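Residues per chain are reported as follows:
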Amino acid sequence: MADYNDYAAKIAAAMGGADLTEELIKEHESTKIADYFCAERIRQGLSQREVAKKMGVSASKICRIEDSYDKDLSYADIMSYGKTLGVRPEITFDNLNESKEARSEGLVYKISDMLEALKELIPNPEKLQGAIDDFSGRVLFPVLRSSRI
Amino acid sequence: MSWKIDIEFKEENRFKQYEKKHHAEYVSCMARFADVLMRFDEVNHPNLVGKGYFRSEGEDVYRISQTRTQNSKEVRLYIYVCMIDSKLYPITIGDKTTQKDDIVRCHEVARQIKARQQKGGK
């Protein structure tokens, strides 16, 4: 599957030299949210105008959202656009001020929640139940136990 | 289908000027150019690229605008899209103040490329 980095290298080679590649990749990273919304909108076959109508805003607003750096997007716009496309943006916090034990415990619970969510989505969860239980027993519980000692 | 970049008609001085004097805007346009190239390989037609910053300026010339930012010069890159040989020809780069003349020049280049192809050239 095509990787943006390869295309950045192609443009850099054609236009300005290999040094430019890293700059293009970094620039691309700074518009990930906007690019995601734009790609999902296209995937759903929607125009900016159609999304604007669903959101109850002007088409130029959608254009502005998709044309912005991630740092310039508001939380409200991200949540609203996501909801319109049927995408649920999630924000997670990893508190670097906490101890390693506390952070480990937090990650264990997150992974456990994600495995539960996975079971809801896969067609035959019973088949994977044993593997998930095995993983929980081998990895998650020991980490949880050690974080509480 | 793999699209190619052809820099034969690239206005070298103009690109160098913008790379030096408006570097952030230049990088933004080039990053989007990479994205556009990727989209062309996926969809194979300019009408299907679907990006708001990629707009037609007529005669198969397209404008790729920089990412929106406050107090910017609104820099844009102009390319010619050749469906015959699946090539993107970067022509010039400019901003809102040079837009009119830039588009006129790009149209001239587009006609030049088309005329050459009609004569049986590359």
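Residues numbered from 1 in each chain as written. Chains lettered and ligands numbered in written order. Predicted model: local features only at pLDDT ≥ 70, side-chain atom pairs only at ≥ 80, totals over all residues.

Here chain A is described as being made up of domain 1 (4-85) and domain 2 (100-147). One C-alpha centre belongs to domain 1 of chain A, the other to domain 2 of chain A, and the line joining them spans 33 Å. (Domains from an automatic or database assignment.)

With that settled, consider the packing of helix α4 (residues 48-55) of chain A against helix α5 (residues 59-66) of chain A. Residue and element names in this part refer to chain A. Orientation of α4 relative to α5, taken along the N-to-C sense of each, is 110°, at an axis distance of 8 Å. As the angle between them shows, α4 and α5 are arranged roughly perpendicular. Pair α4 / α5 crosses with right-handed handedness. Facing Gln 48, Arg 49, Val 51 and Ala 52 of α4, the residues of α5 in contact are Ala 59, Lys 61, Ile 62 and Cys 63. (Axes fitted to C-alpha atoms, helices over the stretch in contact; angles between N-to-C directions. Helix = DSSP H or I, 4+ residues; strand = E, 2+ residues; numbered from the N terminus. Parallel < 35°, antiparallel > 145°, perpendicular 65-115°, else oblique. Left-handed = near helix turned anticlockwise from the far one by under 90°. Contact = placed C-beta atoms within 7 Å.)

Okay, helix α2 (residues 19-29) of chain A next. In an α-helix there are 3.6 residues to a turn, and that puts residues three or four apart on one side. Within the span of α2(A), buried status applies to A:Leu20, A:Thr21, A:Leu24, A:Glu27 and A:His28. Taken end-on, α2(A) shows its buried residues confined to a sector of 130°, consistent with a single buried face. Exposed positions of α2(A) whose direction lies more than 90 degrees from the buried face are A:Asp19, A:Lys26 and A:Glu29. Its buried side turned inward, α2(A) meets α1 (4-15) of chain A together with α2 (23-43) of chain B. (Buried ≥ 20, exposed ≤ 12 C-beta atoms within 10 Å, placed from the backbone. Arc of directions from axis to C-beta.)

Here we come to unusual backbone geometry. All names here are of chain B. If you check the backbone angles, Asn 44 has positive phi at about 65° while not being a glycine. Along the chain, Asn 44 falls in the loop between α2 and β2 (54-56). By the C-beta count within 10 Å, which is 13 here, Asn 44 ends up partly exposed. Positive phi, close to 50°, is recorded for Ser 86, a residue that is not glycine. With respect to the secondary-structure elements, Ser 86 resides in the loop between β4 (76-82) and β5 (87-94). Overall, Ser 86 belongs to the partly exposed group, with 14 C-beta atoms counted inside 10 Å.

Here the focus is the interface of chain A and chain B. Contact residues are listed per partner, giving 24 residues for chain A and 20 residues for chain B. Sorting the residues of the side of chain A that touches chain B by element identifies α1, α2, α3 (32-43) and α5 of chain A as the ones contributing at least two each. At 7 residues, the largest contribution of residues to the side of chain A that touches chain B is made by α1(A). Residues that form the side of chain A that touches chain B fall into these classes: 13 nonpolar, 5 polar and 6 charged. (Nonpolar A, V, L, I, M, F, W, Y, C, P; charged D, E, K, R; others polar.)

Residue and element names in this part refer to chain B. Mapped onto the elements, Pro 46 comes out in the loop between α2 and β2. Along the backbone, Pro 46 and Asn 71 are 25 residues apart, and their C-alpha atoms lie at a distance of 30 Å. Apart from the residues within four sequence positions on either side, Pro 46 is in contact with Tyr 62 and Val 81.

In this section: the sheet that holds strand β3 (residues 61-65) of chain B. Residues and elements named next belong to chain B. Strand order in the open sheet made by the 5 strands is β1-β5-β4-β3-β2, with mixed pairing throughout. Both edges of this open sheet fall to β1 (4-5) and β2, since each of them pairs with a single strand only. Here β3 runs beside β4; their pairing, made up of 5 bridges, is antiparallel. Each bridged residue has a counterpart across the sheet, and for Val 61 the counterpart in β4 is Tyr 80. Against the sheet, helix α3 (residues 99-118) contacts β3, β4 and β5, and its axis sits at roughly 155° relative to β5. (Pairing = 2+ DSSP bridges.)

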